[in-house]
Structures are given as C-alpha cells and as structure tokens.
Amino acid sequence: DAGVTQSPTHLIKTRGQQVTLRCSPKSGHDTVSWYQQALGQGPQFIFQYYEEEERQRGNFPDRFSGHQFPNYSSELNVNALLLGDSALYLCASSLGGDGNGYTFGSGTRLTVV
Amino acid sequence: AQRVTQPEKLLSVFKGAPVELKCNYSYSGSPELFWYVQYSRQRLQLLLRHISRESIKGFTADLNKGETSFHLKKPFAQEEDSAMYYCALSGPRNTGFQKLVFGTGTRLLVSP
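Rules used in this analysis
- Residues numbered from 1 in each chain as written.
- Chains lettered and ligands numbered in written order.
- Predicted model: local features only at pLDDT ≥ 70, side-chain atom pairs only at ≥ 80, totals over all residues.
- Heavy atoms only, no water.
- Helix = DSSP H or I, 4+ residues; strand = E, 2+ residues; numbered from the N terminus.
- Rg over C-alpha atoms; globule rule 2.2 N^0.38 Å.
- Buried < 20%, exposed > 50% of the residue type's maximum accessible area, 1.4 Å probe, protein only.
- Areas by Shrake-Rupley, 256 points an atom, 1.4 Å probe, with all protein chains shown as cover.
- Lys, Arg positive; Asp, Glu negative; His and termini not counted.
- Charge placed at Lys NZ, Arg CZ, Asp CG, Glu CD.
- Core = buried A, V, L, I, M, F, W, Y, C linked by side-chain atoms within 4.5 Å.
- Contact = heavy atoms within 4.5 Å.
- Phe/Tyr/Trp six-rings, centres within 6.5 Å; stacked < 30°, edge-to-face > 60°.
- Buried area = accessible area lost by both parts, 1.4 Å probe.
- Salt bridge = Lys/Arg side-chain N within 4 Å of Asp/Glu carboxyl O.
- Polar contact = N/O pair within 3.5 Å; in protein donor to acceptor, adjacent residues only side chain to side chain.
- Nonpolar A, V, L, I, M, F, W, Y, C, P; charged D, E, K, R; others polar.

**Q** Please give an account of the overall build of chain A that cites residues and values.
**A** Regarding its fold elements, chain A presents zero helices and 11 strands. Traced from its N-terminal end to its C-terminal end, chain A shows the element sequence β-β-β-β-β-β-β-β-β-β-β. In terms of C-alpha radius of gyration, chain A reaches 13 Å, essentially the compact-globule figure of 13 Å for 113 residues. Residues classed as buried in chain A amount to 50% of the 113 residues present. Working note: accessible area of chain A is about 5100 Å², and carbon and sulfur atoms make up 48% of it. One finds the centroid of the 8 positive side-chain charges in chain A at a distance of 12 Å from the centroid of its 10 negative side-chain charges.

**Q** A description of the nonpolar core should follow, citing residues and the corresponding values.
**A** One broad rule of soluble globular proteins: the nonpolar side chains tend to lie buried together. B:Trp35, B:Leu72 and B:Tyr85 are the most contacted members of the largest nonpolar core, which totals 26 residues. Where this core is concerned, the elements lending two or more residues are strand E2 (10-14), strand E3 (19-21), strand E5 (32-38), strand E6 (45-49), strand E8 (69-74), strand E9 (83-90) and strand E11 (106-111) of chain B. Looking at which element gives the most residues to this core, the answer is E9(B), with four residues. Discounting residues that sit within four places of it in the chain, B:Tyr85 has contacts with B:Gln6, B:Leu21, B:Trp35, B:Tyr36, B:Val37, B:Leu47, B:Phe59, B:Leu72, B:Gly105, B:Thr106 and B:Leu108. Counting 19 residues, the second largest nonpolar core, distinct from the first, contains A:Val19, A:Leu81, A:Cys91 and A:Val112.

**Q** Break down the packing of aromatic side chains for me, citing the residues and quoting the values.
**A** Summed over all chains, the structure comprises 13 aromatic pairs over all chains. Look at A:Tyr35 and A:Tyr102: their rings are 6.3 Å apart centre to centre, the planes differ by 85°, and that puts the pair in the edge-to-face class. One end of the pair, A:Tyr35, is in strand E4 (residues 31-37); the other, A:Tyr102, is in the loop between strand E9 (87-94) and strand E10 (103-104), with 67 residues separating them in the sequence. Since its relative accessible area comes to 6%, A:Tyr102 is described here as buried. Here A:Tyr35 falls in the buried class, since its relative accessible area comes to 0%. An aromatic cluster is built from A:Tyr35, A:Phe45, A:Tyr102, A:Phe104, B:Phe34, B:Tyr36, B:Tyr86 and B:Phe102, whose rings are joined through pairwise contacts.

**Q** Residues and numbers for the interface of chain B and chain A, please.
**A** Chain B puts 19 residues into the contact, and the matching count from chain A is 24 residues. For the chain B and chain A pair, buried surface summed over both sides reaches about 1800 Å², with 50% attributable to carbon and sulfur atoms. Counting the surface chain B buries against chain A, the share from its top three residues, B:Arg43, B:Phe97 and B:Lys99, is 38%. Taken together, chain B and chain A are joined by zero salt bridges. Summed over the shared surface of chain B and chain A, the number is five residue pairs in polar contact (both at pLDDT 80 or more). Within the residue set of the side of chain B that touches chain A, elements represented by two or more residues are E5 and E6 of chain B. Here the side of chain B that touches chain A gets three residues from one element, more than from any other, and that element is E5(B). The residue makeup of the side of chain B that touches chain A, split by class, is nine nonpolar, four polar and six charged.

Everything listed here is a matter of geometry and, on its own, says nothing about what the molecule does.
Below, the structure is given as structure tokens:
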C-alpha cells in the first residue's frame, strides 16, 4: 500500500496563474482533507471532501476550490495565485472523516514567483 | 476559538536527557489531542493520541484539562528522536467530520 500519494512533488507558478494539485488517498479511506503549510508554520486546514462533497472549510478564500472523484481521489485548485500562496500543500486521508485516523501524504511544494 | 500553542520553536538537549515539549490548547468542549512527528525527509505521521493513553517510542503525553495542556515527555532522549513535533487537536470523536488544528511545531535536536 503506497499510502497517500500526491502529485506533483514540486511546482513553480507565476502570480495570477492557476494551479491544480492531486491526491490519491490511502486504500480503504474515503475522506480527503487538504492543508496548507507555510514556512515555519503548522499545517492549516483548507477543506475536506467526503462523498464528492465539501464537508468542512477552513478560513481560505474562494480562490481555493476542490473536487473529489468517485474513486475518492481529490484535486485542489487555486486561482489567481498570489506570492503568499507559496507553501507546502498536504493531503490527508481518513475513513469517514475520523480525525483520529489521518494519514498524510508527502505534500506538493508550490512556489509562486 | 480553537487554538494550539507550542511556545518553543527549538528544543536542544543531549542524548539521555529528559525531554518535555510543551503544548497548550484552547477549545470550547472536550477535544481530542494528538502529537504528530515529522522526521527529516519523511511525511507527517501520528505519534500518539491522548485517548489511547499509550507510550510510543518512549514518549508519553498527559492531558491536563485544568491547565489545558498536553505536554509530550520522554525520560531519556535518543538521537533518533530529532525531528519536528506538532501538537494538534480535533473535535470529539463520533461528532461528525473532524479537522485538525495544529500548533506551529517544535524542532527537537538531540545531540550526542
């Protein structure tokens, strides 16, 4: 079992562009959560998907959107990129949204120039 | 407001010394508390959770509801304990979908 896989591992984008990050959950997990980890900070919750619907959302602008597919994989989209969006984006999967059972991916390092 | 505070960015100790990584939290109700660890070039992983009352790799953490603290302790630090440690909380179990609220982390360096 490969656990949670994220792609790409690194990405460089220009201000104003749009980006899509991808996540495949651990086998048997049906819930995907996304976190943003800025340099020197702890991960911050962006949103969570279950049954292809957004179940919870953190304090992030509408520029951040997501999607979950029938196979439970998920995408995070960020529009109109700002320099401040540069961060490590982590995907975590769990079963039924159980906070006790999160498994994290290695993350996607996004740099906005 | 839900908040986790880790007052120390860096904790440096010698091998064999006791370790205590501090964590204080703010939450209306009874949260679930966790410690996550990230070793160099590895992904974030769960170290322990307060509901399990377990000891993992010699680490323990006691939930003190009066002081709203969940400090991580180990009596004798090992060099392989060097890592980034994050304290986190979520809502009570079986109350719906849970998100994790993380502290800013403490880097533990154990020197030989």
